[in-house]
Amino acid sequence: MYLKSIEVQGFKSFANKILFDFHKGITGIVGPNGSGKSNVADAVRWVLGEQSAKQLRGAKMEDVIFAGTQARKPVGFAYVAITLDNSDHALPVDYDEVTVSRRVYRSGESEYQINGNGCRLKDITELFYDTGIGKEGYSIIGQGQIDKILSGKPEERRELFDEAAGIVKFKRRKAAAVKKLENERNNLVGVNDILS
Ligand code: ATP
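How each quantity is defined
- Residues numbered from 1 in each chain as written.
- Predicted model: local features only at pLDDT ≥ 70, side-chain atom pairs only at ≥ 80, totals over all residues.
- Heavy atoms only, no water.
- Buried < 20%, exposed > 50% of the residue type's maximum accessible area, 1.4 Å probe, protein only.
- Helix = DSSP H or I, 4+ residues; strand = E, 2+ residues; numbered from the N terminus.
- Domains from an automatic or database assignment.
- Contact = heavy atoms within 4.5 Å.
- Near = heavy atom within 4 Å.
- Polar contact = N/O pair within 3.5 Å; in protein donor to acceptor, adjacent residues only side chain to side chain.
- Areas by Shrake-Rupley, 256 points an atom, 1.4 Å probe, with all protein chains shown as cover.
- Pairing = 2+ DSSP bridges.
- Axes fitted to C-alpha atoms, helices over the stretch in contact; angles between N-to-C directions.
- Phe/Tyr/Trp six-rings, centres within 6.5 Å; stacked < 30°, edge-to-face > 60°.
- Salt bridge = Lys/Arg side-chain N within 4 Å of Asp/Glu carboxyl O.

**Student:** Teacher, can you tell me more about helix H1 (residues 37–47) here?
**Tutor:** Because each turn of an α-helix spans 3.6 residues, side chains separated by three or four positions end up pointing in the same direction. Extensive coverage of H1 is indicated by the burial of 8 of its 11 residues. All buried positions along H1 are accounted for by Asn39, Val40, Asp42, Ala43, Val44, Arg45, Trp46 and Val47. Immediately beyond the C-terminal end of H1, within one or two residues, lies Gly49, with a positive phi of roughly 110°.

See below:
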């Protein structure tokens, strides 16, 4: 699996629609300070479901929408789509190519899609479990984050190893099952009360 392309429109400094095409191997993005290099990484983090404006270096989520310049009016929505080559089926879906997209309007209305079909954020999160991709995955290491990993709490570091070991989805499923069991136990107490 590899990242084939990123399409960006109205996201941060990218007012116009832009398509970044990547090929196998390493791609470097270079440019002067403030030209938008980190915004490309932010776009990937955002489309994977980032909910924290702070992680995207903004104060509120609306800050991801192109805010205009002296020469150009603001736009009404931000859109990002990433396309991954999935011919090795590293992602657990039948498609050889997977496109994940997110759009948000100034009203706050937002939509996610996988291969053109509307979906929930949860579907995107689950699609990328244990791949290292995802808003909490280790595939996006931002400026200063290496330091955070090295000086972080053991539990936080453990999360990275769990993701690399591919056991996150089982841990999440276990947590959900334990919660359900707990609810059922409470229901049983209620039933026993009624019976007695
Ligand atoms: P550096 O090399 O200093 O790390 P960089 O190339 O990574 O810089 P970014 O931090 O990605 O640059 O981009 C910052 C630029 O993006 C700034 O010029 C900022 O004005 C612009 N920008 C961020 N959000 C918006 C927005 N919502 N609308 C318009 N421009 C924006």
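**Student:** Help me out: how do you make sense of the domain arrangement of the protein in this one?
**Tutor:** By a widely used convention, the size of an interface equals the accessible area lost when the partners come together. When the domains of the protein are assigned, the result is domain 1 (2–165) and domain 2 (169–196). Relative to domain 2, the C-alpha centre of domain 1 lies at a distance of 36 Å.

**Student:** How should the side chain of Asp42 be read in this particular structure?
**Tutor:** Looking at where Asp42 falls in the secondary structure, it is placed in helix H1. By relative accessible area, which is 5% here, Asp42 ends up buried. Excluding anything up to four places from it in sequence, Asp42 contacts Phe11, Lys12, Gln55, Leu56 and Arg57.

**Student:** Help me out: how do you make sense of the site of the ligand in this one?
**Tutor:** Near the ligand, the surroundings consist of 16 residues, among which Lys37, Ser38, Asn39, Arg57 and Ala67 are the closest. One of the side-chain nitrogen or oxygen atoms of Asn33 is found 3.0 Å away from an oxygen atom of the ligand. Measuring from an oxygen atom of the ligand, one finds a backbone N or O atom of Gly34 at 2.8 Å. In isolation the ligand exposes 660 Å². Once the protein is present, 68% of that is buried.

**Student:** I would appreciate a short explanation of the sheet that holds strand E5 (residues 110–114) in the present structure.
**Tutor:** Sheet strands pair by backbone hydrogen bonding; their relative direction is either parallel or antiparallel. As summarised here, the arrangement of the 6 strands in space is E2-E1-E3-E4-E5-E6, forming an open sheet in which the pairing is antiparallel. With partners counted over all chains shown, the strands left at the sheet margins are strand E2 (18–21) and strand E6 (117–119), one partner each. Strand-to-strand twist in this sheet, taken as the mean axis angle between neighbours without regard to direction, amounts to 20°. Looking at chain direction, E5 and E6 are connected through 3 bridges and run antiparallel. Across the sheet, the residue bridging to Ile114 is Asn117, located in E6. Against the sheet, H1 touches strand E1 (2–9), E2, strand E3 (77–85), strand E4 (97–105) and E5, its axis set at about 85° to E3.

**Student:** For this particular structure, what's the right way to read the environment of Tyr112?
**Tutor:** Position of Tyr112 among the secondary structure elements: in strand E5. Since its relative accessible area comes to 9%, Tyr112 is described here as buried. Leave out the neighbours within four places in its chain, and Tyr112 touches Val47, Gly49, Gln51, Ser101, Arg102, Asn117, Gly118, Cys119, Leu121 and Ile124. A distance of 3.2 Å separates a polar atom in the side chain of Tyr112 from a polar atom in the side chain of Arg102.

**Student:** What exactly am I supposed to notice about the packing of aromatic side chains here?
**Tutor:** Two measures describe an aromatic ring pair: the distance that separates the ring centres and the angle between the ring planes. Scanning all chains against the criterion turns up 4 aromatic pairs. Ring centres 5.3 Å apart and planes at 45° place the aromatic pair Phe11 and Trp46 in the tilted group. Linking Phe11 in the loop between E1 and E2 with Trp46 in helix H1, this pair joins segments that are 35 residues apart in sequence. The pair Phe11 / Trp46 is uniform in exposure class, with both members buried. A ring pair is formed by Phe14 and Phe20, whose centres lie 6.0 Å apart and whose planes are at 90°; its orientation type is edge-to-face.

**Student:** Sorry, what's going on with the pattern of salt bridges here?
**Tutor:** For side chains bearing opposite charge, pairing can occur when the charged atoms are close. The tally for this structure, following the rule as stated, stands at 12 salt bridges. In this structure, Asp42 and Lys12 form a salt bridge, with 2.9 Å as the shortest nitrogen-oxygen distance. Of the two residues, Asp42 is situated in helix H1 and Lys12 in the loop between E1 and E2; the sequence distance between them amounts to 30 residues. In terms of burial, Asp42 and Lys12 fall into one category: buried.

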